[in-house]
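Coordinate analysis (summary)
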Amino acid sequence: MNSRYLSSAVGVVYGTIQKLAIRKEILQAVGEQYEVSVSAVDSGIRRMVDQLEARPTAEWLAFKEKSGFADEKPTTGKLIYAVKNYLQHRKGG
């Protein structure tokens, strides 16, 4: 479920060129989609990051390096926008 929250959050920001307010505009939209609170969405994404950080794979470490937070644990907002940028880069635009 945590990865679904992240996927949905990326979907919210993917269609816009402007920066959105993480909690109000992104997490709230995801929460409404899944009928859960904003804090549940935020917590779910943070738990997923915690799991990735606890047992980092080569892919996770490479993603962090390319995204500019190799030496830090990404926040929910940084992760959402990093995934968006990664997908846009892979798509070629």
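Report follows, based on the coordinates. (Residues numbered from 1 in each chain as written. Predicted model: local features only at pLDDT ≥ 70, side-chain atom pairs only at ≥ 80, totals over all residues. Heavy atoms only, no water.)

Regarding the packing of aromatic side chains
Evaluation of the coordinates by the stated rule reveals four aromatic pairs. A centroid spacing of 5.4 Å and a plane angle of 75° characterise the contact between Tyr 5 and Tyr 34, whose relative ring orientation is edge-to-face. Here Tyr 5, found in helix α1 (residues 2-14), pairs with Tyr 34, found in helix α2 (residues 22-34); they are 29 residues apart in sequence, far enough to count as distant. For Tyr 34, a relative accessible area of 24% puts it in the partly exposed group. (Phe/Tyr/Trp six-rings, centres within 6.5 Å; stacked < 30°, edge-to-face > 60°. Helix = DSSP H or I, 4+ residues; strand = E, 2+ residues; numbered from the N terminus. Buried < 20%, exposed > 50% of the residue type's maximum accessible area, 1.4 Å probe, protein only.)

A closer look at the layout of surface pockets
Of the voids in this model, the largest pocket is the one considered here, and its volume is about 160 Å³. As for the largest pocket, its lining consists of Leu 6, Met 48, Leu 52, Thr 57, Glu 59, Trp 60, Phe 63, Leu 79 and Val 83. Taken together, the elements giving at least two residues each to the lining of the largest pocket come down to α3 (38-54), α4 (58-67) and α5 (76-91). Looking at the lining of the largest pocket, the element that brings in the most residues is α4, giving three residues. (1 Å grid on protein atoms, 1.4 Å probe; cavity = no way out; pocket = protein on both sides within 12 Å on 5 of 7 lines; lining within 4 Å. Points joined across faces, edges and corners; volume = space filled by probe spheres on them.)

Considerations on the side chain of Lys 84
Within the fold, Lys 84 resides in helix α5. Although buried, Lys 84 forms no salt bridge, and the nearest oppositely charged side chain, Glu 25, lies 11 Å from it. Only 3.4 Å separates the side chain of Lys 84 from the backbone oxygen of Val 13, close enough to count as a polar contact. (Lys, Arg positive; Asp, Glu negative; His and termini not counted. Salt bridge = Lys/Arg side-chain N within 4 Å of Asp/Glu carboxyl O. Polar contact = N/O pair within 3.5 Å; in protein donor to acceptor, adjacent residues only side chain to side chain.)

Topic: α3
Taking 1.5 Å of rise per residue, 17 residues should cover 24 Å, and α3 covers 24 Å from first to last C-alpha, within 8% of that figure. Of all the residues in α3, the buried ones are Val 41, Asp 42, Gly 44, Ile 45, Met 48 and Val 49. Down the axis of α3, the buried side of the element spans an arc of 160°, and every buried residue falls inside it. The outward face of α3, more than 90 degrees from its buried face, is lined by the exposed residues Gln 51 and Ala 54. Where α3 is buried, its residues touch α1, α2 and α5. (Expected span 1.5 Å × (residues − 1). Arc of directions from axis to C-beta. Contact = heavy atoms within 4.5 Å.)

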